[in-house]
Protein chains: 2
Amino acid sequence: MITLTERQSLILKAIVRDYTEGGNPVGSKSLVQELPVKVSSATIRNEMARLEDLGLIVKTHLSSGRIPSIKGYRYYVDHILKPEKVDGQDLKVIQHSLGGEFHKIDEIVAQSADILSQLTSYTTFTLRPELKDSRLSGFRLVPLGNHQVMAILVTNNGDVENQTFTIPNDLSGDELEPVVRFIDDQLIGLPLQDVLRKLQKEIPLKLAKYLQDPKGFLDIFGSVLSKAASERFYVGGKLNLFNYTNQQNPRELQSLYSLLDQTDNLANVIGPPGQHIQVRIGNEITNDLLKDYSLITATYDVDQHGKGMIAILGPTAMPYSRMIGLMGAFQQELARKLLDYYRYFDE
Amino acid sequence: MITLTERQSLILKAIVRDYTEGGNPVGSKSLVQELPVKVSSATIRNEMARLEDLGLIVKTHLSSGRIPSIKGYRYYVDHILKPEKVDGQDLKVIQHSLGGEFHKIDEIVAQSADILSQLTSYTTFTLRPELKDSRLSGFRLVPLGNHQVMAILVTNNGDVENQTFTIPNDLSGDELEPVVRFIDDQLIGLPLQDVLRKLQKEIPLKLAKYLQDPKGFLDIFGSVLSKAASERFYVGGKLNLFNYTNQQNPRELQSLYSLLDQTDNLANVIGPPGQHIQVRIGNEITNDLLKDYSLITATYDVDQHGKGMIAILGPTAMPYSRMIGLMGAFQQELARKLLDYYRYFDE
DNA sequence: ATTAGCACTCTTATTATTAGAGTGCTAATA
DNA sequence: TATTAGCACTCTAATAATAAGAGTGCTAAT
């Protein structure tokens, strides 16, 4: 367990701030002018040598200024940083952007990723509240003519998922009725997870009474059901990658783009909802592609509707204090907006 | 009007090929070995000087080899190039990728952009067949409970567009029936364009008979209608931008990404369906961001269902002959697949 | 009309050179 | 004992010098 003196702590803090803002290694002379303590550059050099022994700062070459190490950022985030109070202007942007009228949870969540990326100039991810408590509250099959049927699935949270299918013969409402009634009787009110499970087991057997060929229908139902039960990440500010990634290596940028395009991979990167706000720096992120970046993740809580996540991906040299302040505010605003939205469907 | 001798033509062709494949300016000595004509490098230098006078090739500096100019590519494409017969392997890829079962036109068209970008390693655009002849063939309002209604619009081509709306009060089917009936009576069978027009004029008045507050409904209907009537470009191989753009200038890459993300801008870039296959090189493209690239566009024809477009964006130094061959094959395969698909709804 | 020969140009890679920023260490100081 | 001034030393980044190689245009001979 590392403990720093007051002065060492001030120096580390100044190094983190300077490097984060300017992007250049920080030398003892420039620190003299900024520190609230009046000491000479030689003293600062001595202190810096100690911070380096502790592994909190490193040199880029033998006689260069210092930059924070992963460990240094870690110490800064854990012991020094105070979340910055969020800017009034920023708060307005958030509230205004979330203030509009939305017709889907996913619209709100996707919009959130965009707002956050705009405010931070980094790349952001959002995940809607977990679906594990969602229950099936309605299922419809709407014949559209032209050999087409639309399957619509509704949950108690107001989520709607639909898909159109092409079928060999036109169906009339009459033929579909017993099937829909079967679903209504047997499955309405159950958690989606349970429905998914039953779909593997009992349903096929029972359904055989109503339909001579349940296969086609089961495909349709399963398809729209798993669509509704799947977790989707939204990504905002992909273009911002150009601003903070290493410009010398276009391949890396390309790989990152590719990673962010495959949203089903993101669950592994960002991990399950955990602590309130978590900061992972450099190689603390499990994904190798991100070992030179930092990831701030936060869980937001929408009461009985479950928990969702928001995350910011940026360089290790990030203004953590501002970011964490922003995360806190966003968490709240998003949770509030969603509670508001859900209220409709709880009545 | 430029006319080249046989030998000059051979030289230009060789320069285009070499530069396209190798990416380096082409000198007289390397040409000696490749040309089917037996002449010395001095002779070739003389001919090259003439081609340069004509503006077909240029030097990158005073004593460098030559590269084709825009004008040179133009001449090559117009007078020298022969479309390359498409590779059997490639044809298989196309047919296999389009062979699956699709439930929407847009899926086929989006998939097409991906296949084509995969085959070319460039960036591609696809536009579905024009909707101008699409007619409204069905309209449904499905109450979902929870203050939600889904509006579904179907066209005679089997296109389905839907949108979910949140409304203040729950509606029963009974209340919606007269409205849907009104749509059925008055609008079914009309081209979408006409419906859109009527929506601005007569409909609001007539509808007032059935609903005390037609505003909300008109918004819903208008929204899903314009969604159905809008043209959407699909973009494939955005990541390929990394392969063929100028790596020295990340800003440019970022701007291009940004351009391709705003798919509503693409209509201006690509233009309306025109000639069979059109090649635009460098500044022949109206968009300034693309003045160092080439764009090959092609129109595909699905008979009475209208015309759509496919396009390839790549560097000016492109293997035009292969690309044009590929375009031809793709045009055919896509048109065939779509005809096949539409056949369902024509019956 | 073609070609061999040659001086000339320009690029690219390699090597020197230099100014500047920063360090660590020693010895003096409070 | 903690701090500081002073200085030799290291490394980067920018600039300049040099050389090899590829290619050209032009002239004079074929």
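Keep in mind that what you see is a predicted model, and the values were worked out from it rather than measured.

*Asks:* Sorry, what's going on with the pairing of strand β4 (residues 136-145) of chain A here?
*Replies:* Both faces of the sheet carry side chains from a regular strand, because those side chains alternate between them. Residue and element names in this part refer to chain A. In the sheet, β4 pairs with strand β5 (residues 148-155) via eight bridges, with the strands oriented antiparallel. Along β5, the bridge assignment pairs arginine 140 with isoleucine 152. Between β4 and β5, which pair antiparallel in sequence order, lie two residues; one of them, asparagine 146, sits at a positive phi of approximately 55°.

*Asks:* Even after reading the chapter, I still don't get the protein's contact with DNA strand C, so can you show me in this structure?
*Replies:* Around DNA strand C, the structure places 20 residues, and the nearest of them are Ser28 of chain A together with Ser40, Thr43, His61 and Ser63 of chain B. Those atoms of DNA strand C that come within 4 Å of the protein belong to sugar or phosphate at a rate of 80%. In this structure, lysine 59 of chain A approaches DNA strand C through a side-chain N or O atom, which is 3.2 Å from a phosphate oxygen. Within the side chain of serine 63 of chain B, one N or O atom sits 2.4 Å away from a base oxygen of DNA strand C. Looking at the surface near DNA strand C, the elements that each hand over two or more residues are α3 (41-53) of chain A together with α3 (41-53) of chain B. It is α3 of chain B that provides the largest number of residues to the surface near DNA strand C, a total of four residues.

*Asks:* Where do I start with the protein's contact with DNA strand D in this structure?
*Replies:* Near DNA strand D, the surroundings consist of 19 residues, among which Arg7, Ser40, Thr43 and Ser63 of chain A together with Ser28 of chain B are the closest. Expressed as a percentage, the sugar and phosphate content of the atoms of DNA strand D within 4 Å of the protein is 80%. Arginine 7 of chain A is positioned such that a nitrogen or oxygen atom in its side chain is 3.0 Å from a phosphate oxygen of DNA strand D. In the model, a base oxygen of DNA strand D is placed 2.4 Å from a nitrogen or oxygen of the serine 63 of chain A side chain. Contributing elements (two or more residues each) for the surface near DNA strand D: α3 of chain A together with α3 of chain B. With four residues, the top contributor of residues to the surface near DNA strand D is α3 of chain A. Considering only residue class, the surface near DNA strand D consists of four nonpolar, ten polar and five charged.

*Asks:* Even after reading the chapter, I still don't get the relation of the copies chain B and chain A, so can you show me in this structure?
*Replies:* The two chain copies are related to each other by a rotation about an axis together with a translation along it. When chain B is brought onto chain A, the operation consists of a screw motion whose angular component is 180° and whose axial shift is 0.1 Å, with 0.1 Å RMSD remaining. One copy is carried onto the other by what is essentially a two-fold rotation axis. Residue by residue, 100% of the interface of chain B is reproduced at the interface of chain A, so both copies engage with the same surface.

Cut-offs and rules
- Each residue is numbered by its place in its chain's sequence as written, counting from 1.
- Starting at A for chains and at 1 for ligands, labels are handed out in the order in which the entities are written.
- Local features in a predicted model are, by the rule used here, given only for residues with pLDDT of at least 70; side-chain atom pairs are given and counted only at 80 or more, and totals for whole chains, interfaces and linings are based on all residues.
- Only heavy atoms go into the side-chain values, all of them from the structure, while hydrogens and water stay out.
- Paired strands, as defined in this entry, are two strands with at least two bridges between them according to DSSP.
- Secondary structure elements follow DSSP: runs of H or I of four or more residues count as helices, runs of E of two or more count as strands, with numbering from the N terminus.
- In these notes, residues near a molecule or strand are those with any non-hydrogen atom within 4 Å of it.
- By the criterion applied in these results, polar contacts are pairs of N or O atoms within 3.5 Å in which, for protein atoms, one can donate a hydrogen and the other can accept it, and in which residues neighboring in sequence qualify only through two side-chain atoms.
- For this classification, the nonpolar set comprises Ala, Val, Leu, Ile, Met, Phe, Trp, Tyr, Cys and Pro, the charged set comprises Asp, Glu, Lys and Arg, and every other residue, Gly included, is treated as polar.
- A least-squares superposition brings the copies together, and it is based on the C-alpha atoms of residues with pLDDT no lower than 70 in both.
- In what follows, a contact means two residues having at least one pair of non-hydrogen atoms within 4.5 Å.

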